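Below are the chains, spelled out letter by letter.
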Amino acid sequence: MASENALIYQRIRVRIPKDYHQEPVISRLVSDYGLTVNIKVAILGRDAVGDGWFELDLQGTEAQIQNGLIYLHELDLEVWDDKKISNW
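Let us look at the structure shown here. Numbers given to residues run from 1 along each chain, matching the order in which its sequence is written. Reporting of local features is limited, given that this is a predicted model, to residues whose pLDDT is at least 70; pairs of side-chain atoms are given and counted only at 80 or more, and all residues count toward the totals for whole chains, interfaces and linings. As a convention, hydrogens and water are excluded, and side-chain values are obtained from all of the structure's heavy atoms.

Some points on helix H2 (residues 62-74)
Here is step 1: Numbering goes from the N terminus for both helices and strands, where a helix is a DSSP run of H or I of at least four residues and a strand is a run of E of at least two. Each helix should span, by expectation, one fewer than its residue count multiplied by 1.5 Å. For H2, with 13 residues, the first-to-last C-alpha span of 18 Å sits near the 18 Å given by 1.5 Å per residue.
Here is step 2: Listed as buried for H2 are Ile65, Gly68, Leu69, Tyr71 and Leu72. What you see down the axis of H2 is that its buried residues fit within an arc of 155°, all on one side. For H2, exposure combined with an orientation more than 90 degrees from the buried face picks out Glu62 and Glu74.
Here is step 3: Two residues qualify as a contact provided that any one of their heavy atoms is within 4.5 Å of a heavy atom in the partner residue. Contacts from the buried residues of H2 go to strand S1 (8-16), helix H1 (25-31), strand S3 (52-60) and strand S4 (78-81). Between buried and exposed lies partly exposed: a residue is buried under 20% and exposed over 50% of the maximum accessible area for its type, with that area taken using a 1.4 Å probe on protein chains only. Our arc is simply the arc of the directions from the helix axis toward the C-beta atoms.

Interpretation note: all reported values are geometric properties and have no functional meaning in isolation.
Pasting the structure below:
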């Protein structure tokens, strides 16, 4: 049985609309939810006028990752994880 403090990894892809460009969305995953976040891929429009797409590796306990994902969903951001999409 896995410990509830065991660290796990989850890869997600998230779309951050231009309305959130001045908000520290990814930074809050670290500071508020205690996650380690590695940005694997970032796609941003020229001069950041469009939406941004980020592929992130999250590391934390299962509870930390779930709470971070709830936060992203509460912001109404589009989030995909590697469990739902097999071919990114």
